[in-house]
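Residues per chain are reported as follows:
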Amino acid sequence: MATQSLMRRLPPVSVMIAGLVVFIMLILVVFAPLIAPVDPRDVSSYSLIDMEIPPSFMDGGDPRFLLGTDNQGRDLLSVILFGLRISVVIGLGAVLFAATLGVVLGLVAGFFGGIVDGIVMRIADVLVSFPTILVALLISGIARAQLSADTMLTWAPLVLIFSIAVNEWVQYARTVRASTMVEVARDYVRAAKVIGLPPGRIMGRHILPNVMSSVMVIATINLAGAILTEATLSFLGAGMPPTYPSLGTLIRIGNQFLFSGLWWIAVMPAAVLVVLVLAVNVIGDYLRDRFNPKLMAR
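A. Main features of the pattern of salt bridges. Summed over the entire model, instances satisfying the criterion amount to seven salt bridges. Note that R64 is salt-bridged to D50, the shortest N-O span being 3.2 Å. With R64 in the loop between α3 (32-35) and α4 (76-112) and D50 in the loop between α3 and α4, this pair connects stretches of sequence that are 14 residues apart. One salt bridge in this structure joins R64 and D62, with 2.9 Å as the shortest N-O distance. It is possible to trace a salt-bridge network through shared partners that takes in D50, D62 and R64.

Below is the structure:
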C-alpha cells in the first residue's frame, strides 16, 4: 500500500524527462558563454571560408563545428546557445512581468470589489479581445518607429518583454481575483480586518500565499507561450535584431536556405525551440492536473 501511494505521488516518466530537459536547457542558458565554442557576438569569429559547412555527423562536416555553420560562417552550436539564452530570458521576463502585474491587480480587484473591480475587469476584457501576437506586433512597431536604431538595439529585449506581457497579465488577474473573493469571505480575513490590519498586509501576508499555487501553474504554462510568441515576433522581423539573434531570428535566417540544401541552418534552432516548448508544456500540464482540486480529491 505504501509503495502504491508513493507511486501515485511520483510524476510520470514523461514529466521527469521533460524536467530533465528543462534543467539541461537552463544550464545551457546560464553557462552559454562558457559552453559555446566561440562568442557569436564577436565579429572576428566569423569566417567566410567556413560558411555553410554541414554538421559534423554528415558528409563534408567538420569536427570543429558540431552542428555546422551558417551562411556567415558562424558556428551554429554557439549561435543556438546564445539564441536560446535570449529566448528564455525574454520569456521568463515576460512571464514575471505579467504575473506580477496580474497578481497585484487581481488582489486589489478581489479585495476591494466595487468600482475598483469593475475598472480592472473592464480593462482586462478590452485587452483579451485582441490577440496577443497582434498587440505585440503593434507595440513593437510603435517602439521601432519612435526609437533610433541604436536605442532600439539596446532596448529591444525590454520592448519584447513588455509587448508579450501586456496581454498575458489578464489570466493571472482573473484567477487571483476569483480566489481572493473566496478568501475575503473566510473568517481569518474577517478577523484580520477586525483587529485593524491594513489592506496591503492582509493581501500580502494572508491572501497571497493561498493563491500562489494557481499562479505558478499559469506561469509555467504561459512560459512556453511567451517563448513561442518571442520566436514568432523575431521570425516576422519584429523581434530581436540579427546582431543579437534569438531562436526565432535564427529560424527566419535559416528559412531562406531551407530548400537550397542548407537545411541545418533552420532545422537545428527549430528543433531546440520545439523540444524546449514541448518540455515546458508537459510540466505545465502536469502541474495543472496536480493542483486541480477535483483530481486531488481522488
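Here the narrative resumes.
B. Summary view of the nonpolar core. Membership of the largest hydrophobic core comes to 68 residues, with the highest contact counts inside it found for I80, L84, Y172 and I207. Examining the composition of this core, we find that 14 residues originate from one element, α4, more than from any other. If we ignore the near neighbours within four places in the chain, the residues touching L84 are M25, L28, V29, L247, V272 and L276.

C. Examining the confidence of the model for the chain more closely. This prediction gives the chain a mean pLDDT of 82; 94% of its residues lie at or above 70. By mean pLDDT, the top-scoring element of the chain is α4 (90), and the lowest-scoring one is helix α1 (residues 2-9) (44). Predicted confidence is poor over residues 1-7, with pLDDT under 50, and the contacts of this stretch with residues over four places away or in other chains come to zero contacts.

D. Spotlight on α4. With 37 residues, α4 ought to run about 54 Å at 1.5 Å a step, and its terminal C-alpha atoms sit 53 Å apart, in line with that. The positive-phi residue at the C-terminal boundary of α4 is G113, with phi of around 60°.

E. Geometry of the packing of α4 against helix α5 (residues 114-128). At a minimum axis distance of 7 Å, the contact between α4 and α5 shows a crossing angle of 145°. Here the hand of the crossing between α4 and α5 comes out left-handed. In this structure, α4 contributes L105, V108, A109 and F112 to the contact, and α5 contributes G114, V116, D117 and V120. Of the residues in the contact of α4 with α5, the class split is six nonpolar, one polar and one charged.

F. How the structure looks around the packing of aromatic side chains. Summed over all chains, the structure comprises three aromatic pairs. Aromatic side chains W263 and W264 sit 6.0 Å apart centroid to centroid with 80° between the ring planes, which places their arrangement in the edge-to-face category.

G. View of the packing of α4 against helix α9 (residues 199-235). It is at 7 Å that the axes of α4 and α9 come closest, and there the two elements cross at 145°. Pair α4 / α9 crosses with right-handed handedness. Within the contact between the two elements, α4 uses S87, I90, G91, L92, A94, V95, V103, L107, V108, F111 and F112 and α9 uses P199, I202, M203, I207, L208, V215, A219, N222, L223, A226, I227 and E230. Tallied by class, the residues present in the contact of α4 with α9 amount to 19 nonpolar, three polar and one charged.

About the cut-offs
Residues numbered from 1 in each chain as written. Predicted model: local features only at pLDDT ≥ 70, side-chain atom pairs only at ≥ 80, totals over all residues. Heavy atoms only, no water. Salt bridge = Lys/Arg side-chain N within 4 Å of Asp/Glu carboxyl O. Helix = DSSP H or I, 4+ residues; strand = E, 2+ residues; numbered from the N terminus. Core = buried A, V, L, I, M, F, W, Y, C linked by side-chain atoms within 4.5 Å. Buried < 20%, exposed > 50% of the residue type's maximum accessible area, 1.4 Å probe, protein only. Contact = heavy atoms within 4.5 Å. pLDDT = per-residue confidence, 0-100. Expected span 1.5 Å × (residues − 1). Axes fitted to C-alpha atoms, helices over the stretch in contact; angles between N-to-C directions. Left-handed = near helix turned anticlockwise from the far one by under 90°. Nonpolar A, V, L, I, M, F, W, Y, C, P; charged D, E, K, R; others polar. Phe/Tyr/Trp six-rings, centres within 6.5 Å; stacked < 30°, edge-to-face > 60°.

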